[in-house]
Number of protein chains: 4
Amino acid sequence: MTINVTIFNEYIHERTDAHVKQIYPAGLHETLAAHFRQMPDFRVQTAVLEAPEHGLTAEVLSQTDVLVWWGHVAHDEVSEAVVERVQQRVLRGMGLIALHSSHHSKIFKRLMGTSCSLSWREADEKERLWVVNPAHPIAQGLGPFIELPNAEMYGEFFDIPDPDELIFISWFEGGEVFRSGATWRRGQGRIFYFRPGHETHPIYHNKEVLKVLTNGIRWARFRGNVEVTGIGPASHVKEPLEEIRSRPTPT
Amino acid sequence: MTINVTIFNEYIHERTDAHVKQIYPAGLHETLAAHFRQMPDFRVQTAVLEAPEHGLTAEVLSQTDVLVWWGHVAHDEVSEAVVERVQQRVLRGMGLIALHSSHHSKIFKRLMGTSCSLSWREADEKERLWVVNPAHPIAQGLGPFIELPNAEMYGEFFDIPDPDELIFISWFEGGEVFRSGATWRRGQGRIFYFRPGHETHPIYHNKEVLKVLTNGIRWARFRGNVEVTGIGPASHVKEPLEEIRSRPTPT
Amino acid sequence: MTINVTIFNEYIHERTDAHVKQIYPAGLHETLAAHFRQMPDFRVQTAVLEAPEHGLTAEVLSQTDVLVWWGHVAHDEVSEAVVERVQQRVLRGMGLIALHSSHHSKIFKRLMGTSCSLSWREADEKERLWVVNPAHPIAQGLGPFIELPNAEMYGEFFDIPDPDELIFISWFEGGEVFRSGATWRRGQGRIFYFRPGHETHPIYHNKEVLKVLTNGIRWARFRGNVEVTGIGPASHVKEPLEEIRSRPTPT
Amino acid sequence: MTINVTIFNEYIHERTDAHVKQIYPAGLHETLAAHFRQMPDFRVQTAVLEAPEHGLTAEVLSQTDVLVWWGHVAHDEVSEAVVERVQQRVLRGMGLIALHSSHHSKIFKRLMGTSCSLSWREADEKERLWVVNPAHPIAQGLGPFIELPNAEMYGEFFDIPDPDELIFISWFEGGEVFRSGATWRRGQGRIFYFRPGHETHPIYHNKEVLKVLTNGIRWARFRGNVEVTGIGPASHVKEPLEEIRSRPTPT
């Protein structure tokens with residue numbers, strides 16, 4: 001079954017920073033897209049901030065099964081209308097993969113209901129992501145941990161709702177830990193946050209990171225129940241399913 | 001230890017509908033306040049929609065341990081600035097009790113990240129709330145269930161994130177079920193949603209309902225950790241706790 | 001990918017009760033097996049209590065991806081050795097579907113850690129199972145609820161650990177509710193409990209019930225991480241991954 | 001309100017190992033008891049393995065609100081009858097605090113349903129426990145983390161059910177992480193596992209560790225609902241709460 005994947009990237013660092021450009025010459029969305037296009041079950045398109053409606057028109061979203069989101073320095077430039085549209089689409093079953101600094105994106109914060117803040121440090125330190133949910137399909141094909149030789153640090157407290165499923169916990173050389181891979185359900189939609197990805201390191205060239213993202217997309221695709229009522233406008237159910245006998249006689 | 005309780009009520013039905021006025025002559029916030037004032041550990045104040053800043057000024061919120069919220073027909077009239085302020089206060093440890101139709105309030109939807117919709121019916125039917133978490137202090141002092149002879153129906157699917165704790169499930173005479181009592185943590189704050197409360201029935205005169213709300217307020221009061229970083233603005237931790245030795249030599 | 005399904009049935013009622021025999025002439029395991037054999041991805045075998053080792057030898061279990069369990073009046077006759085073997089196999093990734101009265105089976109109680117008791121009544125009453133997790137693949141292909149015209153009642157409090165995922169809540173005509181479909185992870189294994197199935201009603205001939213069980217089997221098949229350490233015997237990791245510099249100098 | 005605390009210790013290391021004896025001359029149960037006895041709301045007694053019924057008679061348990069458990073080398077010597085008795089008492093509302101190597105105690109494994117294994121190393125390395133649930137009363141009065149200069153390492157994968165609440169995550173100098181503080185509900189009982197405590201380090205002399213345990217005991221005391229049915233033997237509810245009209249006419 002084909003999974004329609006849309007990758008959103010604010011696409012700024014790669015054009016303004018020579019070091020980042022060297023790692024992701026066409027933007028990190030294109031690096032990711034090139035990898036995902038190797039998957040026979042994925043159909044991949046990309047969207048960038050500067051496009052009209054950020055490339056996330058109602059039509060694009062309606063045809064997207066899983067949206068991958070990367071933002072960092074321009075969260076505030078994402079329009080409220082697009083954020084609202086993405087949220088409604090998630091509630092109606094679109095999967096969302098939030099990458100790295102997207103913890104502070106408008107859409108992720110809106111779906112979480114919290115500040116989604118954390119502590120951070122750029123010291124090119126070692127990170128090791130430990131698998132803590134060995135039955136989860138997102139952890140398939142990995143060893144007991146993933147090691148990244150140099151990474152930005154994100155540390156606790158990470159101001160998120162308790163995850164529905166916690167899959168990875170990171171160890172950082174500098175002394176912190178972090179809940180690095182976690183999932184939540186919102187309406188009919190599935191959300192996966194994955195920490196690695198700082199633009200100054202070649203994280204999205206790492207085979208295990210790409211394996212996790214590929215697993216994450218397959219997991220996030222809607223396979224649920226389309227018939228539920230109660231999402232969006234409230235449903236006025238005038239007729240009861242069973243006879244009501246408790247109603248007091250009007251006086 | 002004193003718990004400062006603020007009860008917010010939009011206070012509209014009780015002034016526009018004779019039947020509701022009969023049940024709650026001074027507004028349902030005053031019925032609740034009168035009951036809570038009997039608790040030696042509660043200090044109670046009220047706030048209404050038409051007051052400046054809806055009575056929820058920065059000063060009032062800073063002195064509130066637990067905010068009880070009732071809204072129904074005027075959710076849209078609550079200002080965004082007040083909603084933002086209440087959310088930030090919850091993340092910083094204020095408890096929130098969301099009553100009945102407040103499932104559709106701006107503040108509850110913002111903290112949940114979902115539509116918080118449901119199905120509903122007004123047929124004065126019987127409701128029975130079953131306790132499904134017998135270790136929870138909110139269920140203390142009750143029997144195995146609470147029975148309400150006549151209630152508005154709220155039915156599944158209730159579009160909320162999976163609760164951290166599910167305490168009550170309702171049975172409705174007309175054939176539906178509903179997750180009627182549930183909790184979530186957001187930042188340092190604790191949230192309790194409790195379903196009963198339709199303004200056309202004397203729900204807030206019911207002893208068991210009042211018992212649940214009293215328990216809920218005591219449970220929602222902050223008793224956590226005030227020292228965590230990471231809520232609100234991100235924390236830039238320049239100095240690592242441990243020496244970093246993985247940093248590659250600049251070339 | 002083929003899923004090896006083993007259906008265990010104590011197979012007693014169907015041989016001792018004429019009414020049950022009429023519904024399940026060859027045993028309810030064979031009714032289920034006949035249905036599951038229509039699935040191109042399922043390879044199905046059955047096991048019964050009176051077989052040596054209850055048909056659940058080490059070899060059978062090692063080749064089983066998902067074990068479906070039905071027991072009712074003979075839970076105590078299941079040998080401890082087989083229970084231990086099934087538990088170890090679940091921790092190592094075998095899925096388990098516990099049906100109806102299997103809430104009181106040794107294996108389910110052992111995996112839950114609780115009494116798994118509940119209240120019950122045989123009054124041939126109506127049951128309606130509401131979907132409360134519309135993103136879950138186990139709820140795929142259903143409407144907003146399943147209705148069973150006549151069922152045994154199971155009511156709360158159901159003494160289980162809070163489920164990882166709650167999928168169905170039942171409404172009963174006689175006034176109770178029940179968490180009827182729920183999942184838990186134990187080690188690498190996934191567990192799904194599904195309530196319907198009393199032997200005196202033709203529940204396993206119901207198309208929607210069979211749909212749920214088929215979904216459940218596909219969901220419970222292991223697709224996780226095989227490389228984790230820490231299940232079974234503890235792992236003594238003599239050599240640290242990083243140099244230890246805190247060790248005090250021996251005095 | 002008085003909390004009756006019973007501390008169980010297998011009490012072996014302290015008598016057979018000179019180094020451990022130096023740290024805990026009268027046994028670590030007595031070190032803990034001496035501290036807890038300073039709390040005006042605690043009434044403390046101790047129990048050791050070699051006592052009849054390990055000091056955990058039916059009478060002692062019936063008068064215990066919270067049981068603190070420490071075992072390491074003699075888990076197998078705890079009698080099945082006592083384990084069964086403790087489990088039943090937990091389901092009926094006794095709190096349980098499982099310390100350090102008690103992850104492998106019979107009672108903890110029985111309540112979890114898993115192997116409760118993990119990886120470990122004795123290298124006197126540094127440990128830092130980060131608070132990840134800042135609203136939890138168990139984290140009250142601490143900073144953002146606890147630092148232990150020298151500790152035994154416990155690493156993931158820790159084979160436990162996903163906790164109801166995850167409160168602490170440990171960072172270890174040698175490169176691992178661990179879910180070091182977590183809670184679960186079983187029946188009416190609350191369980192808290194807390195990792196620190198290796199007998200060769202003076203962990204139970206550490207003020208922050210003692211603060212966590214004191215908080216844990218207060219949290220684990222039963223304050224729930226005593227009226228629930230469904231724990232222990234199943235409840236046969238012969239008479240429905242509502243009239244059943246769906247029963248087919250017998251033919």
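Before reading on, note that the structure itself is shown above.
Source: prediction; values computed, not measured.

### A short note on the overall build of chain A
Point 1. Secondary structure assignment for chain A yields seven helices and ten strands.
Point 2. The globule rule puts the C-alpha radius of gyration for 251 residues at 18 Å, and the 20 Å found for chain A is close to it.
Point 3. Taken over the C-alpha atoms alone, chain A extends approximately 80 × 40 × 35 Å along its principal axes.
Point 4. Burial analysis of chain A (251 residues in total) assigns 67% to the buried set.
Point 5. A fraction of 70% describes how many contacts in chain A between residues 6 or more apart in sequence connect residues 24 or more apart.
Point 6. With an accessible surface of roughly 8400 Å², chain A has 51% of that area assigned to carbon and sulfur atoms.
Point 7. Chain A carries 26 positive and 32 negative side-chain charges, and their two centres are separated by 6 Å.

### Notes on the interface of chain A and chain C
Point 1. Counting from both sides, the interface comprises 32 residues of chain A and, opposite them, 32 residues of chain C.
Point 2. Around 2600 Å² of area is buried between chain A and chain C when both sides are counted, 54% of it from carbon and sulfur atoms.
Point 3. Scanning the region where chain A abuts chain C turns up four salt bridges.
Point 4. In this structure, the salt-bridge partner of C:Glu242 is A:Arg128, at a minimum N-O distance of 2.5 Å.
Point 5. Those elements giving two or more residues to the side of chain A that touches chain C turn out to be strand E5 (119-131), strand E7 (165-172) and strand E9 (189-194) of chain A.
Point 6. A per-element tally of the side of chain A that touches chain C places E5(A) first, with four residues.

### A short note on the relation of the copies chain A and chain C
Point 1. Least-squares fitting of chain A to chain C yields an RMSD of 0.0 Å, with the transformation described by 0.0 Å of translation along the axis and a rotation of 180°. In the structure described here, the two chain copies are related by an operation that fits a two-fold rotation axis. Within chain A, the C-alpha atom positioned nearest to the axis of rotation is that of A:Asp164, 3.8 Å from it.
Point 2. When you check the interface residues of chain A against chain C, 100% turn up at the interface there too, and the contact is symmetric in its surfaces.

### Examining the side chain of C:Arg223
Point 1. Of note, C:Arg223 is situated in the loop between helix H7 (207-220) and strand E10 (235-236).
Point 2. Although C:Arg223 is buried, it makes no salt bridge; A:Glu165 carries the closest opposite charge, 9.2 Å away.
Point 3. Sequence-distant contacts of C:Arg223, that is, excluding residues within four places in its chain, are made with A:His136, A:Pro137, A:Gln140, A:Arg223, C:Arg190 and C:Arg218.

### A short note on the state of the cysteines
Point 1. For the coordinates displayed, the defined rule picks out zero disulfides over all chains.
Point 2. Unpaired in this structure, A:Cys116 has its nearest cysteine sulfur neighbour in B:Cys116, at a distance of 16 Å.
Point 3. On the basis of relative accessible area, A:Cys116 is assigned to the buried category, the value being 0%.

### Examining the interface of chain A and chain B
Point 1. Facing the 57 residues of chain A at the interface are 57 residues of chain B.
Point 2. Our enumeration of links across chain A and chain B arrives at two salt bridges.
Point 3. A salt bridge links B:Asp162 to A:Arg185; the nearest nitrogen and oxygen atoms lie 2.7 Å apart.
Point 4. The interface formed by chain A and chain B holds 24 residue pairs in polar contact (both at pLDDT 80 or more) in total.
Point 5. Of all elements in the fold, only helix H5 (80-91), helix H6 (106-112), E5, strand E6 (145-155), strand E8 (177-186) and strand E10 (235-236) of chain A reach the threshold of two or more residues within the side of chain A that touches chain B.
Point 6. Sorting elements by how many residues they give to the side of chain A that touches chain B places E5(A) first, with eight residues.
Point 7. Its residues placed into classes, the side of chain A that touches chain B shows 20 nonpolar, 17 polar and 20 charged.
Point 8. Examined bridge by bridge, E5(A) and strand E10 (residues 235-236) of chain B share two bridges and lie parallel to one another. Looking at E10(B), one finds that A:Ser119 is bridged to B:Ser235.

### What about the packing of helix H3 (residues 28-36) of chain B against helix H7 (residues 207-220) of chain B?
All names here are of chain B.
Point 1. Direction vectors running N to C along H3 and H7 enclose 70°, while the axes themselves pass 11 Å from each other. Relative to H7, H3 is oriented roughly perpendicular. Counting all contacts with H3, which are made through Leu32, His35 and Phe36, the residues of H7 involved are Leu210, Leu213, Thr214 and Ile217.
Point 2. Here the contact of H3 with H7 is built from residues that sort into five nonpolar, two polar and no charged.

### Observations regarding the side chain of C:Ser117
All names here are of chain C.
Point 1. Within the secondary structure, Ser117 is located in the loop between helix H6 (106-112) and strand E5 (119-131).
Point 2. Residue Ser117 is classed as buried on the basis of its relative accessible area, which comes to 0%.
Point 3. Engagement of the side chain of Ser117 in a polar contact is seen with the side chain of His104, the distance being 3.0 Å.

### Some details on the pattern of salt bridges
Point 1. By the definition in use, this model includes 64 salt bridges over all chains.
Point 2. Two residues, D:Arg245 and A:Glu243, come together in a salt bridge whose shortest N-O distance is 3.0 Å. Of the two residues, D:Arg245 is situated in the segment after strand E10 (235-236) and A:Glu243 in the segment after E10; the pairing between them involves two chains.
Point 3. Using a relative accessible area of 40% as the deciding quantity, one classes D:Arg245 as partly exposed.
Point 4. It is possible to trace a salt-bridge network through shared partners that takes in A:Glu80, A:Glu84, A:Lys106 and A:Arg110.

### Re the environment of D:Ala123
Point 1. Relative to the helices and strands, D:Ala123 resides in strand E5 (residues 119-131).
Point 2. Along the chain, D:Ala123 and D:Thr64 lie 59 residues apart, while their C-alpha atoms are 37 Å from each other.
Point 3. Setting aside residues up to four positions removed in sequence, D:Ala123 forms contacts with C:Ile244 and C:Arg247.

### A word on helix H3 (residues 28-36) of chain C
Residues and elements named next belong to chain C.
Point 1. By the criterion of burial, H3 is predominantly enclosed, with seven of the nine residues buried.
Point 2. Among all positions in H3, only Leu28, His29, Thr31, Leu32, Ala33, His35 and Phe36 are buried.
Point 3. On its buried face, H3 sits against strand E1 (3-9), helix H1 (13-16), strand E2 (42-48), strand E3 (66-70), strand E4 (95-99) and H7.

### Quick notes on the pairing of strand E9 (residues 189-194) of chain B
All names here are of chain B.
Point 1. Among the six residues of E9, six are classified as buried, and the element is accordingly described as predominantly covered.
Point 2. Burial along E9 is two-sided: Gly189, Ile191 and Tyr193 facing one way and Arg190, Phe192 and Phe194 facing the other are all buried.
Point 3. Pairing of strand E4 (residues 95-99) with E9, which is carried by four bridges, proceeds in the parallel orientation. Residue Ala98 lies in a different strand from E9, and its bridge partner there is Tyr193.
Point 4. Bridge count for strand E8 (residues 177-186) against E9 is six bridges, and the pairing is antiparallel. Residue pairing across strands places Trp184 opposite Ile191, the latter belonging to E9.

### What about the packing of aromatic side chains?
Residue and element names in this part refer to chain C.
Point 1. Enumeration according to the criterion identifies 46 aromatic pairs over all chains in this entry.
Point 2. An angle of 55° between the planes, with centres 5.5 Å apart, marks the rings of Phe168 and Phe194 as tilted. Placement of the pair is Phe168 in strand E7 (residues 165-172) and Phe194 in strand E9 (residues 189-194), with a sequence separation of 26 residues. Each member of the pair, Phe168 together with Phe194, is buried.

### A few points about the pairing of E5(A)
All names here are of chain A.
Point 1. Within E5, ten of the 13 residues are buried, which leaves the element mostly enclosed by the surrounding structure.
Point 2. Inspection of the sheet shows E5 paired to E6 by eight bridges, in the antiparallel sense. Bridge pairing in E6 places Arg128 opposite Glu147.
Point 3. Examined bridge by bridge, E5 and E7 share five bridges and lie antiparallel to one another. Residue pairing across strands places Val131 opposite Phe168, the latter belonging to E7.

### What about helix H7 (residues 207-220) of chain D?
All names here are of chain D.
Point 1. When the terminal C-alpha atoms of H7 are compared, their 20 Å separation across 14 residues agrees well with the 20 Å that a helix rising 1.5 Å per residue should span.
Point 2. For H7, the buried fraction is high: ten of the 14 residues fall into the buried class.
Point 3. Here H7 has its buried residues at Val209, Leu210, Val212, Leu213, Thr214, Asn215, Gly216, Ile217, Trp219 and Ala220.
Point 4. Where H7 begins, one side-chain oxygen reaches toward the backbone nitrogen of Glu208, 2.8 Å away; that side chain belongs to Asn206.

Conventions used here
Residues numbered from 1 in each chain as written. Chains lettered and ligands numbered in written order. Predicted model: local features only at pLDDT ≥ 70, side-chain atom pairs only at ≥ 80, totals over all residues. Heavy atoms only, no water. Helix = DSSP H or I, 4+ residues; strand = E, 2+ residues; numbered from the N terminus. Rg over C-alpha atoms; globule rule 2.2 N^0.38 Å. Buried < 20%, exposed > 50% of the residue type's maximum accessible area, 1.4 Å probe, protein only. Contact = heavy atoms within 4.5 Å. Areas by Shrake-Rupley, 256 points an atom, 1.4 Å probe, with all protein chains shown as cover. Lys, Arg positive; Asp, Glu negative; His and termini not counted. Charge placed at Lys NZ, Arg CZ, Asp CG, Glu CD. Buried area = accessible area lost by both parts, 1.4 Å probe. Salt bridge = Lys/Arg side-chain N within 4 Å of Asp/Glu carboxyl O. Least-squares fit on C-alpha atoms with pLDDT ≥ 70 in both. Disulfide = S-S within 2.5 Å. Polar contact = N/O pair within 3.5 Å; in protein donor to acceptor, adjacent residues only side chain to side chain. Nonpolar A, V, L, I, M, F, W, Y, C, P; charged D, E, K, R; others polar. Pairing = 2+ DSSP bridges. Axes fitted to C-alpha atoms, helices over the stretch in contact; angles between N-to-C directions. Parallel < 35°, antiparallel > 145°, perpendicular 65-115°, else oblique. Phe/Tyr/Trp six-rings, centres within 6.5 Å; stacked < 30°, edge-to-face > 60°. Expected span 1.5 Å × (residues − 1).

Without other data, these values stay purely geometric and don't point to any function.
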